[in-house]
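Secondary and tertiary structure notes
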Number of protein chains: 2
Amino acid sequence: MSATIREVAAAAGVSTATVSRALRGLPYVDEVTRKRVVETAQRLDYVASPSASRLASGRTGTIAVLTPYVARWFFATVISGVAMALTEGPLDLLLVEVGNPDRPSTVPLEQRLRSRADGAVVVALPDTYPEISQLIEHDFPLTLVGSLSDRVSSVAINDAETGRLATQHLINLGHREIGLISGATSDESFTAQDDRTNGYHDALTRSGIPAHPALTAYGAFTREGGERAMVELLSREVQPTAVFCLSDEMAFGAMIAMRRQGLTPGIDIALVGVDGHPQSELANLTTVAQPVAEMGRLAAVALQDRLNNAEKYEPRQTAMSVELVVRSSSAPPKGN
Amino acid sequence: MSATIREVAAAAGVSTATVSRALRGLPYVDEVTRKRVVETAQRLDYVASPSASRLASGRTGTIAVLTPYVARWFFATVISGVAMALTEGPLDLLLVEVGNPDRPSTVPLEQRLRSRADGAVVVALPDTYPEISQLIEHDFPLTLVGSLSDRVSSVAINDAETGRLATQHLINLGHREIGLISGATSDESFTAQDDRTNGYHDALTRSGIPAHPALTAYGAFTREGGERAMVELLSREVQPTAVFCLSDEMAFGAMIAMRRQGLTPGIDIALVGVDGHPQSELANLTTVAQPVAEMGRLAAVALQDRLNNAEKYEPRQTAMSVELVVRSSSAPPKGN
DNA sequence: AACAATCTAGTAAGCGTTTGCATGAAGGAG
DNA sequence: CTCCTTCATGCAAACGCTTACTAGATTGTT
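The sections below set out a description of the structure shown in this document. (Residues numbered from 1 in each chain as written. Chains lettered and ligands numbered in written order. Predicted model: local features only at pLDDT ≥ 70, side-chain atom pairs only at ≥ 80, totals over all residues. Heavy atoms only, no water.)

Turning next to the relation of the copies chain B and chain A. Superposing chain B onto chain A takes a rotation of 180° combined with a translation of 0.0 Å along the rotation axis, leaving an RMSD of 0.1 Å. Viewed as a symmetry operation, the transformation between the two copies matches a two-fold axis. Both copies share a contact surface, since 100% of the interface residues of chain B are interface residues in chain A too. (Least-squares fit on C-alpha atoms with pLDDT ≥ 70 in both. Contact = heavy atoms within 4.5 Å.)

Spelled out as structure tokens, the structure:
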């Protein structure tokens, strides 16, 4: 079908070794020769067979994105950031679903990656997640986005700070009964989730506000979950005048739940989310925005760095700064 | 690092040929032998090297997803549908950005795919798109989702019907000045865009309503674009009492534009979108919903079908049915 | 002018599978 | 009992590159 390196070599009057070197920009090739080879290759519409070069070199020229979800906004946006970083170079992007509780995979992750990718960007999974942890132990090059690690490079926001920021904002508005819509129930907790929650408690403590356990509900980081969590909160004895949602999507769900009961966000109950989801503007949701695509891009860059500096490399943590975007979903409590 | 087929062969006391056959479930292997080989492979933690097997077999075991965007809801959801279909089998998913006007790629698509994927699912690009068309001519196995083709299999909704449905709904409510927020200006038009527009005109014509060109604006299928388009419509001489947006995201933008001018969707101007975007519920947007993830899944299945039946295969068009979801963004015109 | 260092290029041995072909064993038909 | 299939397996040649290693040609040094 397509020309082989041998044909190019023959046509250019050199050996295949020279063609290989010339086309990959390696040294020790005369510029005149290189030019001739490049032109010949172009003329013959030659493209090196990835399978062959991978087999011979041991490198795959591929990086995988390991993510529990591909359609959810945060995840999709990270992926697009990674894709962005890769369009520059010649690397392929292998998409692998990992850690989606609804879709458990039968094949061990390590096997699905072995000889398929040189490294991977891991989205929103902690380094303690079994399969990820295993990869790290096998020295498989990894970069995390959305959760911190001291074992591999990672890029994330300061989640504790994020939690404090959101909560402090509500406190500043005069709220004292501040609810929390968290993600998963504690056993399967993300780093991000725990840290944001700590930030929330921290802010309360600093202001001398006792944290009331009955003000917490879990929304699984989904809109539907947020909706249920809000319904639950509204049915509790203690009523919050404000609720901090650990993600915008859950906040959207909370809004729907409120609306269904004739309540208005920002009037009856103040709401703050986290993410800077594009829809937060339309929904008038106050949120702590994070640069998601950029985080994906940086993670990919860091990974490439790691791959190019096989030796002298050490994990680096990148903390992105967040921004509180105030909208009408957060306002002083009714009485004020 | 990992065991090779030769080691497995040696350990199992057979030739590499037998190991290969046994592990892939090919015939002409005694069940007893197969079992022994499988166990040995497992014990040695053997996984066939993809590069080697690709090189030797000529098949890549990979399917690509060709998409202009990865983070936008529609696209991300199609991708997740494809991923869903692939988790069943052993196929890899290669993500390739194509046709994103903001990020033109330097390498020809055909070269980026050659020997990298056995086939591809194309998202929302028409078969007339140059690079896609070229792939089709090269007999590269393709399946389209979101646009129709008689050259390759495709799965899409009936866009004309969708346009009619949305428009007829507005007409039924009593509207006569019905605006249109379209996508790209006609030169770079999608099949979907044209068909939905035709459906819109069709519905108008059937009801004897003249289509007024000043009632159309273009929103590039983005929220920001929809916002601008709405601003533009509101500045025109003829004022619509209802607007049909070719996508939900543009409708969201339109809502923002309206709100900024103190107008309320469904009260001042009725709005209908297309997609069934998860946020349409929160936004109270009337929309024509399509089963996006399912479409992606079906496209992937169709592609696998095509790959397995090299010979006796012919393009098949799958039309998904849509559903009008009425919410408060669409209501009778003010006067009524 | 002799010798070392640096370029340039070719030779050929892999890389780890798949698969066409050959071989022998086993079972059935006549 | 012989011949023909059908099975089960092995042999070895690809598949199309990359990359030591080798060697000659240049260039620079003293």
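The next point concerns the interface of chain B and chain A. Quite often, the size of an interface is put as the accessible area lost when its parts meet. In this complex, chain B contributes 42 residues to the contact, which on the side of chain A involves 42 residues. Here chain B packs against chain A, burying approximately 4,200 Å² in sum over the two surfaces, 56% of which is carbon and sulfur. Viewed at the interface, chain A and chain B are joined by eight salt bridges. Here Asp-45 of chain B ties to Arg-114 of chain A by a salt bridge, and the two come within 3.3 Å at their closest N and O atoms. Summed over the shared surface of chain B and chain A, the number is 14 residue pairs in polar contact (both at pLDDT 80 or more). Contributions of two or more residues to the side of chain B that touches chain A are made by α4 (50–57), α5 (73–88), β2 (92–97), α6 (109–113), α11 (248–260) and α12 (279–283) of chain B. (Buried area = accessible area lost by both parts, 1.4 Å probe. Salt bridge = Lys/Arg side-chain N within 4 Å of Asp/Glu carboxyl O. Polar contact = N/O pair within 3.5 Å; in protein donor to acceptor, adjacent residues only side chain to side chain. Helix = DSSP H or I, 4+ residues; strand = E, 2+ residues; numbered from the N terminus.)

Right, let's talk about the sheet that holds strand β6 (residues 178–182) of chain B for a bit. All names here are of chain B. Taken together, the six strands give an open sheet; going across it, the order is β7-β6-β8-β9-β10-β12, and neighbouring strands pair in mixed fashion. Each end of this open sheet is capped by a strand with a single partner; those strands are β7 (216–218) and β12 (323–325). This sheet shows a mean twist of 20° between the axes of neighbouring strands, independent of strand direction. Here β6 runs beside β7; their pairing, made up of three bridges, is parallel. Counted as the bridge partner of Ile-181 is Ala-217 from β7. (Pairing = 2+ DSSP bridges. Axes fitted to C-alpha atoms, helices over the stretch in contact; angles between N-to-C directions.)

In the neighbourhood of DNA strand C, 28 residues make up the surrounding shell, with Arg-21 and Thr-33 of chain A together with Ile-5, Ser-20 and Arg-59 of chain B lying closest. In DNA strand C, atoms within 4 Å of the protein come 67% from sugar and phosphate. Elements represented by at least two residues in the surface near DNA strand C include exactly α2 (16–24) and α4 (50–57) of chain A together with α2 (16–24) and α4 of chain B. Here the element with the most residues in the surface near DNA strand C is α2 of chain B; it accounts for five residues. (Near = heavy atom within 4 Å.)

Residue and element names in this part refer to chain A. Reading across the sheet, the six strands line up as β7-β6-β8-β9-β10-β12 and stay open at both edges, with mixed pairing between neighbours. Looking along the sheet, the strands with just one partner apiece sit at the ends: β7 (216–218) and β12 (323–325). Taken pair by pair, the neighbouring strands of this sheet meet at an average axis angle of 20°, ignoring direction. Relative to strand β9 (residues 270–275), strand β8 (residues 242–245) runs parallel, the two sharing three bridges.

In the structure shown here, the tally under the stated rule is six aromatic pairs over all chains. Measuring from ring centre to ring centre gives 5.3 Å for Tyr-69 of chain B and Phe-75 of chain B, while their planes differ by 70°; the resulting arrangement is edge-to-face. With respect to class, Tyr-69 of chain B is no different from Phe-75 of chain B; both count as buried. Residues Phe-74 of chain B and Phe-75 of chain B carry aromatic rings whose centres are separated by 5.5 Å and whose planes lie at 85° to one another, so their mutual orientation is edge-to-face. Each of the two residues, Phe-74 of chain B as well as Phe-75 of chain B, counts as buried. An aromatic cluster is present here, built from Tyr-69, Phe-74 and Phe-75 of chain A joined pairwise through their rings. The positively charged end of Arg-72 of chain A is found above the aromatic ring belonging to Tyr-69 of chain A, 3.5 Å away from the centroid. (Phe/Tyr/Trp six-rings, centres within 6.5 Å; stacked < 30°, edge-to-face > 60°. Buried < 20%, exposed > 50% of the residue type's maximum accessible area, 1.4 Å probe, protein only. Lys NZ or Arg CZ within 6 Å of the ring centre and 35° of its normal.)

Look at any regular strand and the pattern is simple: side chains alternate between the two faces of the sheet. All names here are of chain A. With six of six residues buried, strand β1 (residues 62–67) is to be regarded as a mostly interior element. Side chains of β1 alternate between two faces, with Thr-62, Ala-64 and Leu-66 and Ile-63, Val-65 and Thr-67 buried alike. Here β1 runs beside strand β2 (residues 92–97); their pairing, made up of six bridges, is parallel. Opposite Leu-66, over in β2, you have Val-96 as the bridge partner. For the crossover from β1 across helix α5 (residues 73–88) to β2, the handedness is right-handed. As paired elements, β1 and strand β3 (residues 119–123) share four bridges and run parallel to each other. Note on β3: the bridge partner recorded for Ile-63 is Gly-119. (Right-handed = clockwise from strand over helix to strand, strands pointing away.)

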